[in-house]
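Listed here are the chains, written in short residue letters.
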Amino acid sequence: MSNGFFNELNEKKISRRKFIKWSGAVSAPVVLGGIATTGNMVKKAGAESAAKNADELVLTTCSTVNCGGRCLIKAHINNGVVTRLTTDTKADTFELPQLRACIRGRGYRQFVYNPDRLKYPMKRVGKRGEGKFERISWEEAIDYIAKELTRITEKYGPASRYSNYASGHSGSIIGAGNMIQRLFGLTGGYLGFHNSYSSAQTTNATPFTYGTTQTGSTLDNLSHSKMIILWGHNPVETRFGVTDFYVRKAKENGVKIVVIDPRQSDTAVALADEWIPIAPTTDAAMMDAMTHVIITENLYDKSFVDQYCVGFDENHMPDGVPEGESLKSYILGEKDGVPKTPEWAEKITRVPASTIRRLAREYATNKPSALMQGWGPQRQAYGEQFVRGGTVLAAITGNVGVKGGWASGAGYISLVKTTAVPKGDNPVGLTIPCFLWTDAIVRGTEMGAKDGVKGLAEEQDALPVNMKAMFNLAGNTLINQHSDCNKTAEILSDESLLELIVVSEIFMTPSAKFADILLPSNTFMERWDVGTTWAPSQQAILSQKCIENMYESKSDYEWMTMLAKKLGVEQKFTEGRKELDWIKWSIEESRKTDPNFPTFEEFKKEGIYQVSLEGNSVVAFEQQIKDPKNNKFETPSGKIEIFSKALWDMNDHEEIPAIPKYISSWEGPEDPLTEKYPLQLIGWHYKRRCHSTFDNNKWLEEAGPQVMWMNERDAAARNIKDGDRVKIFNDRGEVHMPVKMTNRVIPGTIAIPQGAWWSPDKNGVDQRGNVNTLTSQRPSPLAKGNPQHTNLVEVARV
Ligand SMILES: Nc1nc2c(c(=O)[nH]1)N[C@H]1C(S)=C(S)[C@@H](COP(=O)(O)OP(=O)(O)OC[C@H]3O[C@@H](n4cnc5c(=O)[nH]c(N)nc54)[C@H](O)[C@@H]3O)O[C@H]1N2
Ligand SMILES: Nc1nc2c(c(=O)[nH]1)N[C@H]1C(S)=C(S)[C@@H](COP(=O)(O)OP(=O)(O)OC[C@H]3O[C@@H](n4cnc5c(=O)[nH]c(N)nc54)[C@H](O)[C@@H]3O)O[C@H]1N2
Ligand SMILES: [Mo]
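What counts, and where the lines are drawn
- Residues numbered from 1 in each chain as written.
- Chains lettered and ligands numbered in written order.
- Predicted model: local features only at pLDDT ≥ 70, side-chain atom pairs only at ≥ 80, totals over all residues.
- Heavy atoms only, no water.
- Domains from an automatic or database assignment.
- Contact = heavy atoms within 4.5 Å.
- Salt bridge = Lys/Arg side-chain N within 4 Å of Asp/Glu carboxyl O.
- Polar contact = N/O pair within 3.5 Å; in protein donor to acceptor, adjacent residues only side chain to side chain.
- Near = heavy atom within 4 Å.
- Areas by Shrake-Rupley, 256 points an atom, 1.4 Å probe, with all protein chains shown as cover.
- Nonpolar A, V, L, I, M, F, W, Y, C, P; charged D, E, K, R; others polar.
- Helix = DSSP H or I, 4+ residues; strand = E, 2+ residues; numbered from the N terminus.
- Axes fitted to C-alpha atoms, helices over the stretch in contact; angles between N-to-C directions.
- Left-handed = near helix turned anticlockwise from the far one by under 90°.
- Buried < 20%, exposed > 50% of the residue type's maximum accessible area, 1.4 Å probe, protein only.
- Pairing = 2+ DSSP bridges.
- Parallel < 35°, antiparallel > 145°, perpendicular 65-115°, else oblique.

J.: Can you help me understand the domain arrangement of the protein chain in this one?
T.: Accessible area lost upon the coming together of the parts serves often as the stated size of an interface. According to the domain assignment, the protein chain consists of domain 1 (122-189 + 421-523 + 554-568), domain 2 (202-414 + 619-648) and domain 3 (672-797). With 26 residues of domain 2 at the contact, the number on the domain 3 side is 26 residues. Where domain 2 touches domain 3, the interface holds two salt bridges. With its nearest N and O atoms 3.0 Å apart, the salt bridge here joins R744 to D266. Here domain 2 is connected to domain 3 by 16 residue pairs in polar contact (both at pLDDT 80 or more).

J.: How should I be thinking about the site of ligand 2 in this particular structure?
T.: Around ligand 2 lies a shell of 33 residues, among which N476, E505, R527, S692 and T693 are the nearest. One of the backbone N or O atoms of A474 is found 3.3 Å from an oxygen atom in ligand 2. Here H685 contributes a side-chain N or O atom positioned 2.9 Å from an oxygen atom of ligand 2. Isolated, ligand 2 exposes 930 Å² of accessible area, and the fraction of that covered by the protein chains is 99%. The residue inventory of the shell around ligand 2, partitioned by class, reads eight nonpolar, 21 polar and four charged. A domain-level breakdown of the shell around ligand 2 finds at least three residues from each of domain 1 (122-189 + 421-523 + 554-568) and domain 3 (672-797).

J.: Explain the site of ligand 1 here, please?
T.: Inspection of the region around ligand 1 gives 35 residues, with D261, D283, R379, R689 and H691 positioned closest. Contact distances for ligand 1 include 3.0 Å between a nitrogen atom and a backbone N or O atom of E237. Interatomic distance of 3.0 Å between a side-chain N/O atom of H789 and an oxygen atom of ligand 1. Relative to its unbound accessible area of 910 Å², ligand 1 is 100% covered by the protein chains. Sorting the residues of the shell around ligand 1 by element identifies α10 (235-238) and β21 (679-684) as the ones contributing at least two each. Each residue belonging to the shell around ligand 1 can be placed in one class, and the counts come to 13 nonpolar, 14 polar and eight charged. Looking at which domains feed residues into the shell around ligand 1, each of domain 2 (202-414 + 619-648) and domain 3 (672-797) gives three or more.

J.: It is not clear to me how the packing of helix α13 (residues 283-296) against helix α17 (residues 353-365) should be interpreted in this structure. Could you clarify?
T.: Helix-helix packing: each pair is described by the crossing angle between the helix axes and the interaxial distance. In the contact formed by α13 and α17, the axes pass within 9 Å of each other and the chain directions differ by 65°. Crossing angle aside, the handedness with which α13 passes α17 is right-handed. Contacts between α13 and α17 involve M286, A289, M290, V293 and I294 from the former and I356, R357, L359, A360, R361 and A364 from the latter. Classifying every residue of the contact of α13 with α17 by side-chain character gives nine nonpolar, no polar and two charged.

J.: So what exactly am I meant to see when it comes to the pattern of salt bridges here?
T.: When charged atoms on two side chains of opposite charge get close, those side chains can pair. Inspection of the entire model under this criterion finds 43 salt bridges. We note a salt bridge from K340 to D336, for which the minimum N-O separation is 3.0 Å. With a shortest N-O distance of 2.6 Å, R768 and D695 are connected by a salt bridge. Residue R768 is found in the loop between β25 (749-753) and β26 (792-797), and its partner D695 is found in the loop between β21 and α27 (698-703); the two are separated by 73 residues along the sequence. On the accessibility criterion, D695 (8% relative accessible area) is buried.

J.: What is the right way to look at the sheet that holds strand β9 (residues 256-260) in this model?
T.: Hydrogen bonds between backbone groups are what pair the strands of a sheet, and the pairing can be parallel or antiparallel. Spatial strand order, β10-β9-β8-β12: four strands in an open sheet with parallel pairing. Because the sheet does not close on itself, it has two edges, and the strands there are β10 (274-276) and β12 (369-373). Across the sheet, the mean angle separating the axes of adjacent strands is 15° when strand polarity is ignored. Both β9 and β10 contribute to a ladder of three bridges, which runs parallel. The partner of V259 across the bridge, within β10, is W275. Strands in contact with helix α18 (residues 383-396) are β8 (227-231) and β12; relative to β12, the strand with the most contacts, it is inclined by about 170°.

J.: Hey, could you run me through the packing of helix α7 (residues 138-156) against helix α21 (residues 556-566) in this one?
T.: Between α7 and α21, whose axes approach to 10 Å, the crossing angle comes to 55°. On the basis of the axis angle, α7 is oblique to α21. Remark: the crossing between α7 and α21 carries right-handed chirality. In this structure, α7 contributes W138, E139, I142, D143, I145 and A146 to the contact, and α21 contributes W559, M562, L563 and K566. Partitioning the contact of α7 with α21 into residue classes produces seven nonpolar, no polar and three charged.

Quick look at the structure:
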């Protein structure tokens, strides 16, 4: 070989690339060492190649892990190995801010090169959930899946097949969940899902006010606000694109920032002029009381309400509704005899009446102002009321459709759109709310429209079959991220219920342990994709392949292509395209609707496609407000619906009121269960993880340890000291973890950062701090969404 090598070198036949590869090989220096003259030559060339290698910089992004941001990651690559990660260094401008990665993004080498990565396919040998597996080949794995899937489909029909909500490889062009649904669709269909774990309540509730979820504005508008209320919104930790950048810019312009949150969140610390602590689940009571102040002190925008809204008072009601059902009647207590005064709300929310009164006045009189809602307070038992309450406050103060105002609710405005690989048709045509998948396993054939099932035919009143085959790809909602881990574990362990569980993962997560077949996925650095920042969004980023697949890992698309072949639909599934071909296809599709969208080559070079806000600023409903004759709201009445006749007609006025109302929550502060479990428990999305992703990253654990926040008063009452390991328990389970004693959380409430890996000991006690050991599977009434911040518990020393 050596002679051949030198001959080639001398004859200059060797390609530069080939040379770099060889000179990097371990054997090369030994082979070349003895010959002085050529040795020098090689040394020189070697130095050159090393320099070249060190320069290799691939732009990519953590596009496919479901963080609220999508940041630029520059992978420095040397001999096929990522040796260092850096990030966006271009200067910030107001219209085009930096996409600078945080600690999670910079820690990706600990993810990609983690020694604990799953390395080859495995098959369960022990009991379900025990975590005992044996190594098998990809061919064996695909064979097994194909056979079992065929058997289950023949026995139970395609509606027994399900792909679980999973966000570990989502929001992208070629995400695992979408692609398996495409494959299911080509082979008879499947039970689909609607909603998300993120925002079910706001996605469902917001359109009842505005007719759409496209509310809010592009973020430049915040600098035109007089005040910004971040209500249960913590963008310093959760990102939401570059929201924190624009809030900071507004603050620099003198805009007052108020944060309402049971915790003094990082956003409250970094950006707020005022933090208002509130008891969880009670936000709607505070909103009712603010409305009371605004109505009784005549601070509402009368002409706005007259012209654009339905249901404010008895003079603006839809036909067919009895008297006394308007917002004003409810707020003044005309029917129930309870005026929703700040004093009434203080008892429920623990926010002083004087604070409520002052905030109401400030919001109503300092116009325009932005009331931006996070999704934490809607991930509650009656989260829909918080959402609609915000939309109504914005409406009655005339803060909708104006620069610097903010139509509250979902806030999904986006300037950049990408085209995902089409899922294709689903011949089954049925979907469940994603949170109810455990129900669909045990009582699917009883689940109908009242459980939020969509797509039922007229003669069908329930799902045709219980769920039997589960594909959990790139997610941990199979147990860790779903509510009530103990109950879920019981359901999953029963092998007579689900007959097949396929999991695709990077690590042996709590969900992976429940797999029958466990497939090792590659990571985003080993494949191509495109990601977009979260709404209100303005950026798309190319997620470039940096390195080859590690170990025996494959991308989900790669193994699904093998499965498609086995099932006889490869051509239909791939349309002859490999991953990169789909990415190029997607880019061309995006260019059809947005001519400024870069070509593949441009995108590769620049990494980011960023729409400047200069000239592209958007305010939701600006046209409806400026020119109402020609621009109706997309609601049934064509107006902003403070009172929704559609909700009224659902005929569940207690749980699904037609106007937003405070509903005293089960497991809220007024529940009699507080006698047994006196503390409210919430979770939050922690800076050191993306959900459960990175929980096994030791560097990040150093930056943000898994600790429970507890107020000094609650700790003292239980003789608990800072740093103590305590037990947190309710009827659903028990968690042991350390306490951080802090006045950054309101008394009566404790907070556990969500996403820690569920780690039950032999008695079923979680030893890591997974909040879902304690959360409930009872859904919210309208959206059937997850109420994972609604819990009552007690805490004691271990
Ligand atoms: N670092 C990091 N960022 C993330 C994620 C992550 O895991 N880690 N996940 C991403 C995803 S998928 C999502 S959906 C978003 C989630 O975004 P959000 O749902 O907005 O985030 P949360 O942290 O759950 O809630 C926001 C705030 O609401 C507060 N809160 C909880 N209950 C109540 C309540 O009853 N009333 C009030 N007023 N406040 C309450 C919490 O203390 C928290 O500070 O974040 C995204 N960004
Ligand atoms: N109590 C409580 N529970 C919650 C929430 C809460 O606020 N409180 N938030 C909810 C919300 S908003 C969400 S979005 C969900 C999120 O829950 P999930 O969607 O389950 O998200 P993660 O926990 O990040 O799990 C993603 C998994 O994908 C794996 N993964 C990463 N990249 C890849 C890949 O390329 N291929 C494959 N095959 N796997 C990959 C990671 O290792 C990780 O285990 O959790 C919900 N659960
Ligand atoms: Mo989410």
